[in-house]
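Each chain is listed here by its residues.
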Amino acid sequence: MEKPVISGKTKVCGVIGDPIEHSMSPVMHNAAFAELGLDYVYVAFHVKPEGLEQAISGLRGFNIEGLNVTIPHKIAVMALLDEIDPLAEQIGAVNTITNREGYLKGYNTDASGFLETLTEQGTDPAGKQAVVMGAGGAARAVCFSLARSGARLAILNRREELDWAVKLAREVSATFGGEIPAMELNEANLAKVTDGAEIVVNTTSVGMIPRADSTPLPTRYLAGKPVVFDIVYNPEVTRLRREAAAAGCVAIGGLDMLVRQGAIAFEMWTGQKPPEAIMKREALRVLEGK
Ligand code: ATR
């Protein structure tokens, strides 16, 4: 890949977060710009919470083309934008911003990235029974996109007080209707809700490096589950994904979702579809420390 020339015409996109140095987005987007010969550059900005407002003003001031937003700004940034896409509004989090002559619009491409990856692997969630483990930021995007597509949900979360799972279940059923059970993530409840489940999604950090030997779902609950989606991408193949594949499930990993959410943002900014295989290859190179 040729090193891009940065000139007076080069357009700028980027990502803000705190911390930000481990973001995969710069390598994915810059590889895609280079492959398509687009005169763009994508940079990571370390923005602390107290600097968020100035950073968003700077987006307008510097006429930056587009921005990704990551932890801890996905919620706080919403109040600083001109318009929020309805799905991002429901989820309550924005991870992508477009800038059209100073008019900033926020989207949630995590949600569309999840759903498109699922459907591309041959699963239409409409009418299916889905179990979501976890109730944090990623779970919100997953639950709202599943419910919007007509899936029936159950949500399990570690916290005993169940605040997050109950709150999320209430919000999703207030928007889309239906009873959504919210329970503690434990063996007894897993046994209950995974019986008959057609889609199981892990949105917790269980199985992520450095705890790659752990899994949120003991192997005995995998039998007869058509689809298991682990949104963890580090390692690329988690223990859950490996065991799900061995149990005969369609086992989907988080890297495809990561690439897809980036690809959706890329298209919003440039009007072009990026080469996702190249984005994935570059993300893997970073993950594997090469
Ligand atoms: P993200 O944006 O990736 O969703 P998050 O909002 O911090 O990150 O949410 C992390 C999720 O992983 C939460 O559901 C969390 O459960 P708690 O609400 O109980 O904290 C879940 N999680 C993290 N570590 C976990 C563990 N060891 N066992 C089970 N769930 C865990």
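Keep in mind that this is a model prediction, so the values were computed, not measured.

**Q** Tell me what's going on with the site of the ligand, and back it up with residues and numbers.
**A** With respect to spatial proximity, 13 residues lie near the ligand, and among them Gly137, Ala138, Asn157, Arg158 and Arg159 are the closest. Contacts to the ligand include Gly137, whose backbone N or O atom sits 2.8 Å from an oxygen atom. Take Arg159: an N or O atom from its side chain is 2.9 Å from an oxygen atom of the ligand. Within the complex, 73% of the 650 Å² of free accessible area of the ligand lies under protein. Partitioned by chemical class, the residues of the shell around the ligand number 4 nonpolar, 6 polar and 3 charged.

**Q** How would you summarise the pattern of salt bridges if you had to cite specific residues and measurements?
**A** As enumerated under the stated definition, the model contains 14 salt bridges in all. Residue Arg260 pairs with Glu116 through a salt bridge whose shortest N-O separation is 2.8 Å. Placement of the pair is Arg260 in helix H9 (residues 254-270) and Glu116 in helix H4 (residues 109-120), with a sequence separation of 144 residues. A relative accessible area of 32% places Glu116 in the partly exposed class. The partner of Lys273 in a salt bridge is Glu267, and the shortest N-O contact between them spans 3.0 Å. Given a relative accessible area of 31%, Glu267 falls into the partly exposed group. Three or more residues joined by partner-sharing salt bridges are found here, namely Glu116, Glu120, Arg260 and Glu276.

**Q** Please set out the sheet that holds strand S7 (residues 129-133) residue by residue, giving values where relevant.
**A** Note: strands within a sheet are paired through backbone hydrogen bonds, in either parallel or antiparallel orientation. With respect to topology, 6 strands assemble into an open sheet ordered S9-S8-S7-S10-S11-S12, the strand pairing being parallel. On the outer flanks of this sheet lie strand S9 (182-184) and strand S12 (250-253), each paired with one strand and no other. For this sheet the average axis-to-axis angle between neighbouring strands, irrespective of direction, equals 20°. Across 4 bridges, strand S11 (residues 227-230) lies against S12 in parallel orientation. Looking at the pairing, Val228 lines up with Ala251 of S12. Lying on the sheet, helix H7 (residues 187-194) is in contact with S7, strand S8 (152-157) and S9; it crosses S8 at an angle near 170°.

Calculation rules
- Residues numbered from 1 in each chain as written.
- Predicted model: local features only at pLDDT ≥ 70, side-chain atom pairs only at ≥ 80, totals over all residues.
- Heavy atoms only, no water.
- Near = heavy atom within 4 Å.
- Polar contact = N/O pair within 3.5 Å; in protein donor to acceptor, adjacent residues only side chain to side chain.
- Areas by Shrake-Rupley, 256 points an atom, 1.4 Å probe, with all protein chains shown as cover.
- Nonpolar A, V, L, I, M, F, W, Y, C, P; charged D, E, K, R; others polar.
- Salt bridge = Lys/Arg side-chain N within 4 Å of Asp/Glu carboxyl O.
- Helix = DSSP H or I, 4+ residues; strand = E, 2+ residues; numbered from the N terminus.
- Buried < 20%, exposed > 50% of the residue type's maximum accessible area, 1.4 Å probe, protein only.
- Pairing = 2+ DSSP bridges.
- Axes fitted to C-alpha atoms, helices over the stretch in contact; angles between N-to-C directions.
- Contact = heavy atoms within 4.5 Å.

Honestly, that's just the spatial picture; any functional story needs more than this.
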